[in-house]
Amino acid sequence: MVSISLGPIALPIGPVMLLLCVWFASWIATRHCAWQADGAHRKEGADAAGHGIWMAAGIGLLVARLTHLALNAGPYTESPASMLDVRDGGWHIIAGLFAGVAWLVRTGWTSPGCRRSLALGASTGLLLWTAGTMATGTHGTPMPDTPLTALTGGQTRTLGAAA
């Protein structure tokens, strides 16, 4: 995994990039909502837009993880504490995106003045995240060609074929 080294600490680039993209999307939504709002509701509307982006990201990540755990419950039932170890890469991106968009729709429904700002911020963040993921090559990393031999029968196949 590609990481940023800060002395003895190694930060994986994926989560750092996601955090920066969500922060930038929230900033864009807040600034746009404050720019287009009238004076009386400027502060509360802008805060609602930025908060909505952060909540959509959090709910999306939670739903993505829970969906992965539900779809792959077998390995996690043997060791329930491993459900909390998010380093295994277990995220269901489609479910997370749907949950995040659903939260943004709900936020836009309750704060009609922020709809364009939420859409602008979310699309900007998603575009930056997609571009960053493609630029760093962290998407769709293929499995290595490690040979695996079955304990019974002695059949050999690669790790990619076994997955």
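Bear in mind the structure is a predicted one, so any value in this text is a computation, not a measurement. (Residues numbered from 1 in each chain as written. Predicted model: local features only at pLDDT ≥ 70, side-chain atom pairs only at ≥ 80, totals over all residues. Heavy atoms only, no water.)

J.: Before we go on, may I ask you to explain the overall build of the protein chain in this structure?
T.: Counting its regular elements, the protein chain contains six helices and four strands. Helices and strands appear in the protein chain in the N-to-C order β-β-α-α-α-α-α-β-β-α. The buried share among the 163 residues of the protein chain stands at 25%. Across the protein chain, the fraction of contacts at a sequence separation of at least 24, relative to all contacts at a separation of at least 6, is 55%. Of the roughly 10,900 Å² that the protein chain leaves accessible, carbon and sulfur atoms contribute 69%. (Helix = DSSP H or I, 4+ residues; strand = E, 2+ residues; numbered from the N terminus. Buried < 20%, exposed > 50% of the residue type's maximum accessible area, 1.4 Å probe, protein only. Contact = heavy atoms within 4.5 Å. Areas by Shrake-Rupley, 256 points an atom, 1.4 Å probe, with all protein chains shown as cover.)

J.: How should I be thinking about a nonpolar patch on the surface in this particular structure?
T.: Together, I93, I94, L97, F98 and L126 make up an exposed nonpolar region whose accessible area comes to about 480 Å². Considering each element in turn, the nonpolar patch owes the most residues, four residues, to helix α4 (residues 93–110). Mapped onto the secondary structure, I94 falls in helix α4. (Patch = residues over 30% accessible without salt bridge, like charges linked within 9 Å, V, L, I, M, F, W, Y side chains within 5 Å. Salt bridge = Lys/Arg side-chain N within 4 Å of Asp/Glu carboxyl O.)

J.: Help me understand the environment of T133, please; the structure alone is not making it clear to me.
T.: Inspection of the secondary structure puts T133 in helix α5 (residues 115–136). Sequence separation between T133 and I13 is 120 residues; the distance between their C-alpha atoms is 9.2 Å.

J.: Just checking my understanding: could you explain the packing of α4 against α5 for this structure?
T.: Axis angle and axis distance: for two packed helices, these are the angle between their axes and the distance between the axes, and together they describe the pair. Where α4 meets α5, the axes come as close as 9 Å, and the angle between the chain directions of the two elements is 160°. When the axes of α4 and α5 are compared, the pair comes out roughly antiparallel. As for the relative orientation of α4 and α5, their crossing is right-handed in sense. Contact residues: I93, L97, L104, T107, G108 and W109 in α4; R115, L118, A122, L126 and W129 in α5. Broken down by class, the residue content of the contact of α4 with α5 amounts to eight nonpolar, two polar and one charged. (Axes fitted to C-alpha atoms, helices over the stretch in contact; angles between N-to-C directions. Parallel < 35°, antiparallel > 145°, perpendicular 65-115°, else oblique. Left-handed = near helix turned anticlockwise from the far one by under 90°. Nonpolar A, V, L, I, M, F, W, Y, C, P; charged D, E, K, R; others polar.)

J.: Help me understand the packing of aromatic side chains in this model?
T.: For the structure on display, the rule yields one aromatic pair. Arranged with centres 5.9 Å apart and planes meeting at 25°, the rings of F24 and W27 form a pair that is stacked. Here W27 and F24 lie together in helix α1 (residues 13–36), a separation of three residues that amounts to about one turn. Under the relative-accessibility criterion, W27 is labelled partly exposed at 38%. It is R65 that lies over the ring of W91; its NZ or CZ is 6.0 Å from the centre. Sitting above the plane of the W103 ring, R106 keeps its charged end 4.7 Å from the centroid. (Phe/Tyr/Trp six-rings, centres within 6.5 Å; stacked < 30°, edge-to-face > 60°. Lys NZ or Arg CZ within 6 Å of the ring centre and 35° of its normal.)

J.: Honestly, the environment of R106 in this entry has me stumped. Any pointers?
T.: Inspection of the secondary structure puts R106 in helix α4. Owing to a relative accessible area of 43%, R106 belongs among the partly exposed residues under this scheme. Here the alpha-carbon distance between R106 and A56, two residues 50 residues apart in the chain, equals 9.9 Å.

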